[in-house]
Each structure stands twice: as structure tokens, then as C-alpha cells.
Amino acid sequence: MSLENELARFWEWANMTPDTYNEQRGLGEWEADYPEWDALYKAANEALEEINREFNHDVAQLLVYALAIDNEAGVVLKSVEENLEDKLRFIRKGVFSSQPQARWQMAELLSRVEVEGREKMLLHLIKSEPDKYVIRRALMSLNKVNHAKAVELAQSYVRDTDPFMKLVAKEIIKKKV
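What comes next is a walk through the structure. (Residues numbered from 1 in each chain as written. Predicted model: local features only at pLDDT ≥ 70, side-chain atom pairs only at ≥ 80, totals over all residues. Heavy atoms only, no water.)

### Some points on the packing of aromatic side chains
Then, number 1: Inspection of every chain in the model, using the stated rule, returns 12 aromatic pairs.
Then, number 2: Geometrically, the ring pair formed by Tyr 21 and Trp 30 is edge-to-face, given 6.3 Å between the ring centres and 70 degrees between the ring planes.
Then, number 3: Take Trp 30: its relative accessible area is 21%, and that puts it in the partly exposed class.
Then, number 4: Each ring, one from Trp 104 and one from Tyr 133, has its centre 5.5 Å from the other, and the planes form 85 degrees; the classification is edge-to-face. Separated by 29 residues along the polypeptide, Trp 104 in helix α7 (residues 100–110) and Tyr 133 in helix α9 (residues 132–145) bring together distant segments of the chain.
Then, number 5: Note on Trp 104: relative accessible area 10%, which makes it buried.
Then, number 6: Linked through ring pairs, Phe 10, Trp 11, Trp 13, Tyr 21, Trp 30, Tyr 34, Trp 37 and Tyr 41 together constitute an aromatic cluster. (Phe/Tyr/Trp six-rings, centres within 6.5 Å; stacked < 30°, edge-to-face > 60°. Buried < 20%, exposed > 50% of the residue type's maximum accessible area, 1.4 Å probe, protein only. Helix = DSSP H or I, 4+ residues; strand = E, 2+ residues; numbered from the N terminus.)

Structure (C-alpha cells):
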């Protein structure tokens, strides 16, 4: 069982590709209806084992896709957090991925694991990200990593047009450390 094959089955079932997923996924949650999650999770765990033996960019990219489509359940993210021995290269791949559903999960992971440059990666997501949800998640993660910096950046979002962004910004600013 390979992750590449399991992802191909998912894309066929969803009638999408990794390139069309971001535009066509809508509000999501429909991914949870995929009937073959167990096989996909097993293949993702095998891919993690392979990456632990020797980092492979192609396999890591497949894992980023699995992470993105599993954004509701978070099983792949939990496996990455618990089982991936050297997280830095994978996190970088996810942060710079074309998949916003993977990028926000990398922001979340960065709040929980110590890796070189984690604050810098969160700042990249906050300052360079087009997706407001990813920015919010990165800002919340930065708040756990460096509250003072998060407060500084949150100031620019208190009047944002996105009501959820405003809420996150205001919560970060009023939080006492």
C-alpha cells in the first residue's frame, strides 16, 4: 500500500486533484465522508516511517497532501507530531506548500514543537499568507511562542474586515501573560 496510490484513490473519489482542491473544496468537511480513511492513514504512517529512515521530498509532498485533506480529523497531524523524528524539514515543506489546509496545520504544530526557526516560519505565514484562516492560526500559534511579538502583530488586525481575524487579534492583545 503506498500513499501515492491511496491519495490517487481519494482524488478520484473527490473528483479533484491537488491543484484543484483549494478552489473546489468549498467549506470542506465533506472529506470526512471518504470511505477509505483507514487505508489512507495506514499509508501515511508507512510514509512517516520511510521519511524517518531517509528524508524523501516526494514522499514528504505526498504526506503534505494527506495532511491537507485530513484537516478536519487531524489524524495525520497527530501522527506527524508523535512519530516524525526530524520534524524541521517536513514542517518547512508544509509551511511553503500550495495547500492552505496544510499550512494552518503547520502553524498549529509550530506552537507545540521546538524546531529551529519556528518563530520565523510563523512570521512568514502571518506576513506572506493570502488565506486569512492560516494567518489567524499562525497568529494564535505565535501567541504561544512569543506573546509580545504576537501582540505587536495583532495590532494591525484589530480593524480587519474579517470578523474572526478581529476577534483573534483582540483576544491576543487583551491576554495577560
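### Thoughts on the nonpolar core
Then, number 1: Within the largest apolar cluster, 62 residues are counted, with the highest numbers of intra-cluster contacts made by Leu 3, Leu 40, Leu 63, Phe 90 and Ile 91.
Then, number 2: If one sorts the elements of this core by residue count, helix α4 (residues 57–69) sits on top with nine residues.
Then, number 3: Not counting residues up to four positions away in its chain, the partners in contact with Leu 40 are Leu 3, Glu 6, Leu 7, Phe 10, Tyr 34, Ala 66 and Ile 69. (Core = buried A, V, L, I, M, F, W, Y, C linked by side-chain atoms within 4.5 Å. Contact = heavy atoms within 4.5 Å.)

### Structural notes on helix α8 (residues 118–128)
Then, number 1: Along α8, the positions that sit buried rather than exposed are Arg 118, Met 121, Leu 122, Leu 123, Leu 125 and Ile 126.
Then, number 2: Where the residues of α8 are buried, they touch α6 (87–95), α7, α9 and α10 (147–154).

### What to know about the environment of Val 113
Then, number 1: Relative to the elements of secondary structure, Val 113 occurs in the loop between α7 and α8.
Then, number 2: Look at Val 113 and you get buried, because its relative accessible area is 10%.
Then, number 3: Considered as a pair, Val 113 and Thr 17 are 96 residues apart in the sequence and their alpha carbons are 31 Å apart.
Then, number 4: Contact partners of Val 113, with chain neighbours within four places excluded, come to Glu 81, Lys 87, Ile 91 and Arg 118.

### Considerations on α7
Then, number 1: The buried fraction of α7 amounts to 11 of the 11 residues, a majority that puts the element mostly inside the structure.
Then, number 2: In this fold, the buried residues of α7 make contact with α2 (18–24), α4, α5 (75–83), α6, α8 and α9.

### Examining the pattern of salt bridges
Then, number 1: Here the structure, examined in full by the defined rule, presents 14 salt bridges.
Then, number 2: Of the charged contacts, one joins Glu 108 and Arg 112 as a salt bridge, the two residues approaching to 2.6 Å between their closest N and O atoms.
Then, number 3: A relative accessible area of 39% means that Arg 112 is categorised as partly exposed.
Then, number 4: Put simply, Glu 81, Glu 108, Arg 112 and Arg 137 are held in one network by salt bridges that share partners. (Salt bridge = Lys/Arg side-chain N within 4 Å of Asp/Glu carboxyl O.)

### Observations regarding the side chain of Gln 99
Then, number 1: Inspection of the secondary structure assignment puts Gln 99 in the loop between α6 and α7.
Then, number 2: Side chain to side chain, Gln 99 and Ser 98 meet in a polar contact 3.5 Å long.
Then, number 3: Apart from the residues within four sequence positions on either side, Gln 99 is in contact with Pro 18, Tyr 21, Asn 22, Tyr 65 and Ala 68. (Polar contact = N/O pair within 3.5 Å; in protein donor to acceptor, adjacent residues only side chain to side chain.)

### Digging into the layout of surface pockets
Then, number 1: As a volume, the largest pocket reaches approximately 340 Å³.
Then, number 2: Residue lining of the largest pocket: Asn 22, Arg 25, Gly 26, Leu 27, Glu 29, Asn 71, Glu 72, Pro 100, Gln 101, Trp 104, Asp 131 and Tyr 133, and that is the complete set.
Then, number 3: Looking at the lining of the largest pocket element by element, the count peaks at three residues for α7.
Then, number 4: Of the residues assigned to the lining of the largest pocket, the class counts are four nonpolar, four polar and four charged. (1 Å grid on protein atoms, 1.4 Å probe; cavity = no way out; pocket = protein on both sides within 12 Å on 5 of 7 lines; lining within 4 Å. Points joined across faces, edges and corners; volume = space filled by probe spheres on them. Nonpolar A, V, L, I, M, F, W, Y, C, P; charged D, E, K, R; others polar.)

### A short note on the environment of Lys 175
Then, number 1: Tracing the sequence through the fold places Lys 175 in the segment after α11 (163–174).
Then, number 2: On the basis of relative accessibility, which here comes to 41%, the residue Lys 175 falls in the partly exposed class.
Then, number 3: C-alpha of Lys 175 to C-alpha of Val 151: the two residues are 24 residues apart in sequence and 8.9 Å apart in space.
Then, number 4: Here Lys 175 is in contact with Asn 143 and His 147, once residues within four sequence places are set aside.

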